[in-house]
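# A structural walkthrough
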Amino acid sequence: MNIVERFLNYTKFDTQSAEDSQTTPSTDKQWTFAHYLKGELEDIGLKDVELDENGYIYAVLPANCNKKAPEIGFIAHYDTSPDCSGADISPRIVENYDGGDIILDAEADIRISPQTFPELLSHKGEDIIVTDGHTLLGADDKAGIAEIVQAMVYLQEHPELEHGNIHVAFNPDEEIGLGAHKFNVEKFGCEWAYTIDGSEVGELEFENFNAASAKINITGMSVHPGYAKGKMLNAARIAAELASLLPADQTPETTEGYEGFYHITNISGNVERAELSIIIRDHDRARFEQRKNHITDICNQLNERYGKTVVKADIKDQYYNMREQVEPVMHVIDIAIKAMERAGVPVKIQPIRGGTDGAQLSFKGLPCPNIFAGGLNFHGPLEYLPIPSMHKAMDTIVQICLLTAQYHD
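The structure reproduced in this document is the subject of the present report. (Residues numbered from 1 in each chain as written. Predicted model: local features only at pLDDT ≥ 70, side-chain atom pairs only at ≥ 80, totals over all residues. Heavy atoms only, no water.)

### Concerning the pattern of salt bridges
Taken as a whole and assessed by the stated rule, the structure comprises 19 salt bridges. Among the ionic contacts, a cluster of salt bridges with common partners joins Arg-285, Glu-289, Lys-292, Asp-317 and Glu-324. (Salt bridge = Lys/Arg side-chain N within 4 Å of Asp/Glu carboxyl O.)

### Details of the pairing of strand β9 (residues 192–198)
Burial within β9 is extensive, with 7 of its 7 residues counted as buried. Across 4 bridges, the pairing between strand β3 (residues 72–77) and β9 is parallel. Note that in β9 the partner of Phe-74 across the bridge is Tyr-194. Looking at chain direction, β9 and strand β16 (residues 370–372) are connected through 3 bridges and run parallel. When the sheet's bridge partners are listed, Thr-195 is paired in β16 with Asn-370. (Buried < 20%, exposed > 50% of the residue type's maximum accessible area, 1.4 Å probe, protein only. Helix = DSSP H or I, 4+ residues; strand = E, 2+ residues; numbered from the N terminus. Pairing = 2+ DSSP bridges.)

### Quick look at the sheet that holds β3
Within the open sheet, the 8 strands sit side by side as β1-β2-β8-β3-β9-β16-β10-β15. Their pairing is mixed. Only two strands of the sheet have a single neighbouring strand rather than two, namely β1 (47–51) and β15 (348–349). On the sheet, helix α2 (residues 28–43) packs against β1, β2 (57–61) and β8 (166–171) and is oriented at approximately 175° with respect to β1. Docked against the sheet, helix α8 (residues 331–342) engages β9, β10 (203–205), β15 and β16, running at close to 50° with respect to β9. (Contact = heavy atoms within 4.5 Å. Axes fitted to C-alpha atoms, helices over the stretch in contact; angles between N-to-C directions.)

### Some details on the state of the cysteines
Cysteine pairs can be covalently joined through their sulfur atoms, and such a bond is termed a disulfide. Within the structure shown, the criterion is met by 0 disulfides. Here Cys-401 stays unpaired: no disulfide links it, and the sulfur of Cys-190, its closest cysteine neighbor, is 11 Å away. (Disulfide = S-S within 2.5 Å.)

### Here's the deal with unusual backbone geometry
The amide bond that connects Thr-24 to the next residue, Pro-25, takes the cis arrangement and shows omega of -5°. With respect to the helices and strands, the residue Pro-25 is situated in the loop between α1 (3–10) and α2. Of the consecutive residues Asp-140 and Asp-141, the connecting peptide bond is found in the cis state with omega at 15°. Relative to the assigned elements, Asp-141 resides in helix α3 (residues 139–157). Its identity is not glycine, yet Asp-88 carries a phi of approximately 55°, on the positive side. Position of Asp-88 among the secondary structure elements: in the loop between β3 and β4 (92–94). At Asp-173, a residue that is not glycine, the phi angle is positive and equals roughly 65°. Structurally, the position occupied by Asp-173 is in the loop between β8 and α4 (185–188).

### Details of the pairing of strand β11 (residues 210–219)
Strand direction decides the pairing type here: β11 and strand β13 (residues 273–282), joined by 10 bridges, are antiparallel. Pairing of Ala-212 across the sheet is with Ile-280, part of β13. The pairing of β11 with strand β14 (residues 311–319) spans 8 bridges and is antiparallel. Paired with Ile-218 across the bridge in β14 is Val-311.

### Details of the side chain of Asp-141
With no salt bridge to any partner, buried Asp-141 finds its closest opposite charge in Lys-142, at an N-O distance of 11 Å. Once residues lying within four places of it in the same chain are set aside, the contact partners of Asp-141 are Ala-76, His-77, Asp-79, Ile-196, Asp-197 and Ala-373. (Lys, Arg positive; Asp, Glu negative; His and termini not counted.)

### Concerning the layout of surface pockets
By volume, the largest pocket is sized at about 1,300 Å³. Lining the largest pocket are 39 residues, and of these Glu-174, Glu-175, Tyr-319, Gly-355 and His-379 sit closest to its centre. Broken down by secondary-structure element, the contributors of at least two residues to the lining of the largest pocket are β9, β10, β11, β13, β14 and α9 (357–362). Element by element, the count of residues in the lining of the largest pocket is highest for β13, at 4 residues. Residues of the lining of the largest pocket, tallied by class, amount to 11 nonpolar, 16 polar and 12 charged. (1 Å grid on protein atoms, 1.4 Å probe; cavity = no way out; pocket = protein on both sides within 12 Å on 5 of 7 lines; lining within 4 Å. Points joined across faces, edges and corners; volume = space filled by probe spheres on them. Nonpolar A, V, L, I, M, F, W, Y, C, P; charged D, E, K, R; others polar.)

### Here's the deal with the nonpolar core
Of all hydrophobic cores here, the largest spans 72 residues; its most connected members are Phe-74, Met-152, Phe-170 and Tyr-194. What Phe-74 contacts, discounting residues up to four positions off in sequence, is Ile-148, Ile-166, His-167, Val-168, Ala-169, Phe-188, Tyr-194, Ile-196, Ile-397, Ile-400 and Cys-401. Listed in part, the 23 residues of the second largest apolar core include Ala-212, Ala-214, Ile-216 and Leu-233. (Core = buried A, V, L, I, M, F, W, Y, C linked by side-chain atoms within 4.5 Å.)

### Some thoughts on the packing of α1 against α3
Running from amino to carboxyl end, α1 crosses α3 at an angle of 140°, the nearest separation of the two axes being 9 Å. One way to sum up the angle between α1 and α3 is to call them oblique. Handedness of the α1/α3 crossing: right-handed. Residues Ile-3, Arg-6, Phe-7 and Tyr-10 of α1 touch α3, and the partners they reach there are Ala-139, Lys-142, Ala-143, Ile-145, Ala-146, Glu-147, Val-149, Gln-150 and Val-153. Along the lines of polarity and charge, the residues of the contact of α1 with α3 split into 9 nonpolar, 1 polar and 3 charged. (Parallel < 35°, antiparallel > 145°, perpendicular 65-115°, else oblique. Left-handed = near helix turned anticlockwise from the far one by under 90°.)

Below you can see the structure in the form of structure tokens.
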């Protein structure tokens, strides 16, 4: 089975995760694919293949050299986003892309256009896997899985290529922020690892947002509006006032690169009660703390204004910038850069305006930067996957394995 056949086979499985679930994996359909994937890893000859009680899959490609090489790993998630259906995916291959619009559904006029997505032109002349315009494709992150598995197959088919013990792991529920929560770092047994979960070819990421969530509850006082002067506290209006006190130029739609933001993800309520959900993001740890304090200061300001505690904020950290964990072991990045160069891939080091499983794993003692998987337009029906990008990701994985076998402290 080649890498394209492998990926297309994976798309037959609906592995959408669910935010409102209390189980791990969050959906039963993820179990179906997990059992399949476990069998596939056994079939290709990996050792110590295990599917644990939480749906995490671990396996090892044993070393084929006598030298003591660092034990490293590659990780990808098998769930797909709750944002778009992952059922009954109908992928097709657009051969030798001509640089124009890719029509996904002519009748519904659903298309991928380089006018909207200019990065598509970087793949002119390539074969590209697309959807029918009504589901996501699942390249996030089944492309990563296919690339890791195919790299393990390639290394076994070429025993002359020396490598140390190579560990692989596939996990559920990354798309709902829980992919690393029950990951067994000790069992995985690696000095460092790479998630294969980035997008465009060449992406190498070891910086991500520090992240927190703020749940703000506002308690008002309902009084007949005709007799409300000096008595009513309108919780809905106070919620709107709180929102207006956040910096208007520090939102997702006004920022880029290393710029942080406040993002109101939900606001609801009436006179008696209102609620806001806000996410807080910043690459810099000190500014991140300032942003959380700013939310607290706004709440205190409103409570002083209204003479009582009407606004309560529950602020919780979600994840941190992995850079502080990766910087002491920059050889992990150096090896990835050299591997991409060997694979003929232009390296694009950039910050993640979000988070990855690797960020959480880095703080659990497993330095884990993120490498491209090759897909684009994730989480929607315009998702696509250039086939050459898959091959380059696979080759990058192979080269990392070979370079690590040569690495010495």
